[in-house]
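For reference, the chains in residue letters:
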Amino acid sequence: MSEETARAAPPDTVVPEAAAYRPLSAAAVVACVLGLLSVSAFFGPALWVIALAGVIVSLWAWIRIHQFDPPLTGRLAALIGLGLSVFCLVGGPAQWMLQRYLLNQEAQKVAMLFFDYLLHDEPHKAHQLSRSAFDRAPLDEHLWEKYPPDSSARKDLEAFLERKEVRAIILLGKDPRTKIRFFDNEGIWREDTLIKVAQSYAVTYYDANNVKRTFFVTVILNRYPLRTAKISDWYVSDISSYNPPHALEDRQKAWEEAQREKEKTRALGEMPSPEE
């Protein structure tokens, strides 16, 4: 080939690599990185935003790539980022909701067993369910033997029976019409290795005038891992009736006012008369 022919040749026949080069989309790289980081969505709701950002950036990168002619490179990276982000954005919340559902179901079984012991006048068994597995005695026919007079276990039981909610449920349990039912999940949170679940229960009974009434109690249950046995244990850490369930917050002011009136009436009833 002569020198003149080479000079007349089109540029793409001289340097074909330059004509084939397409720049890489920076957005696609970012999308792929966010997709990899989206795995953190399985560690808590606060990290779901990473997966959401990955979806948005991946879609934006895909649009930007095809705005050029020829398209930019990076379609595979954008697709990988989009796939990972969508998977984690769906999987993270699904795992979170499933875990909360299972925890609430486990806690509810323990709480209902606790109430069942109180209703059937077995407070010693309910008391054992308020203790961790390391301190809990077997719930068998020999359990009363663990509470000899003047022992620390007996004093703990007596203190347990001093709780007004416990006393009320035992007393109301003498009427077979008394029912305790699950009302609502109040919250789940973690403290170190403990998982705490708060639930509210409705106690329905009939008063002296045969009028059907209901009050609510809130139970907090603790779940902690028994690492040596590779299982978890539940126990009731608190029971109270001071606060109404969250689902009834719209009536909270009326409820609080009623509580104050009760306290005022009780205080007036305990005041000595002037003649005394």
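Structure shown above.
Residues numbered from 1 in each chain as written. Predicted model: local features only at pLDDT ≥ 70, side-chain atom pairs only at ≥ 80, totals over all residues. Heavy atoms only, no water.

A count of helical and extended segments in the protein gives 10 helices and four strands. Beginning at the N terminus, the succession of helices and strands in the protein can be written as α-α-α-α-α-α-α-α-α-β-β-β-β-α. Counting the 276 residues in the protein, one finds 34% classified as buried. Carbon and sulfur atoms provide 59% of the accessible area of the protein, an area that totals close to 17,800 Å². (Helix = DSSP H or I, 4+ residues; strand = E, 2+ residues; numbered from the N terminus. Buried < 20%, exposed > 50% of the residue type's maximum accessible area, 1.4 Å probe, protein only. Areas by Shrake-Rupley, 256 points an atom, 1.4 Å probe, with all protein chains shown as cover.)

A word on the packing of helix α5 (residues 48-65) against helix α6 (residues 75-119). At a minimum axis distance of 8 Å, the contact between α5 and α6 shows a crossing angle of 155°. The angle between α5 and α6 places the two elements in the roughly antiparallel class. The crossing of α5 and α6 is left-handed. Contact residues: α5 offers Trp 48, Ala 51, Leu 52, Gly 54, Val 55, Ser 58, Leu 59, Ala 61, Trp 62 and Ile 65, while α6 offers Arg 75, Ala 78, Leu 79, Gly 81, Leu 82, Ser 85, Val 86, Cys 88, Leu 89, Gly 92, Pro 93 and Trp 96. (Axes fitted to C-alpha atoms, helices over the stretch in contact; angles between N-to-C directions. Parallel < 35°, antiparallel > 145°, perpendicular 65-115°, else oblique. Left-handed = near helix turned anticlockwise from the far one by under 90°. Contact = heavy atoms within 4.5 Å.)

This part is about the nonpolar core. If you look at the biggest cluster of nonpolar residues, it comprises 34 residues, and the most contacted ones within it are Phe 114, Phe 115, Leu 118, Leu 221 and Ile 239. Listing elements by their share of this core, those giving two or more residues are α6, α8 (152-161), α9 (164-172), β1 (179-191), β2 (194-206), β3 (212-226) and β4 (231-240). In terms of residue count, α6 provides more of this core than any other element does, nine residues in total. What Phe 114 contacts, discounting residues up to four positions off in sequence, is Ala 126, Leu 129, Phe 160, Val 236 and Ile 239. Judged by nonpolar contacts, the second largest core, of eight residues, contains Ala 28, Cys 32, Ile 65 and Ala 78. (Core = buried A, V, L, I, M, F, W, Y, C linked by side-chain atoms within 4.5 Å.)

Turning our attention to the pattern of salt bridges. The tally for this structure, following the rule as stated, stands at six salt bridges. Here Glu 106 ties to Arg 223 by a salt bridge, and the two come within 3.6 Å at their closest N and O atoms. On the criterion of sequence distance, the pair formed by Glu 106 in helix α6 and Arg 223 in strand β3 is long-range, its members being 117 residues apart. Accessibility expressed as a relative area gives 34% for Glu 106, which makes it partly exposed. A salt bridge links Arg 163 to Asp 238; its shortest N-O distance comes to 3.1 Å. Of the two residues, Arg 163 is situated in the loop between α8 and α9 and Asp 238 in strand β4; the sequence distance between them amounts to 75 residues. (Salt bridge = Lys/Arg side-chain N within 4 Å of Asp/Glu carboxyl O.)

Here a ring pair, both rings aromatic, is described through the centre-centre distance and the interplanar angle of the planes. Applying the stated rule across the entire model yields 11 aromatic pairs. Relative to Phe 87, the ring of Phe 42 lies with its centre 6.0 Å away and its plane at 45°, an arrangement referred to as tilted. Separated by 45 residues along the polypeptide, Phe 42 in the loop between α4 (26-37) and α5 and Phe 87 in helix α6 bring together distant segments of the chain. The class for Phe 42 is partly exposed, based on a relative accessible area of 27%. With centroids separated by 6.0 Å and ring planes inclined at 65°, the aromatic side chains of Tyr 205 and Phe 215 adopt a geometry described as edge-to-face. Note that Tyr 205 is positioned in strand β2 and Phe 215 in strand β3, a separation of 10 residues in sequence. (Phe/Tyr/Trp six-rings, centres within 6.5 Å; stacked < 30°, edge-to-face > 60°.)

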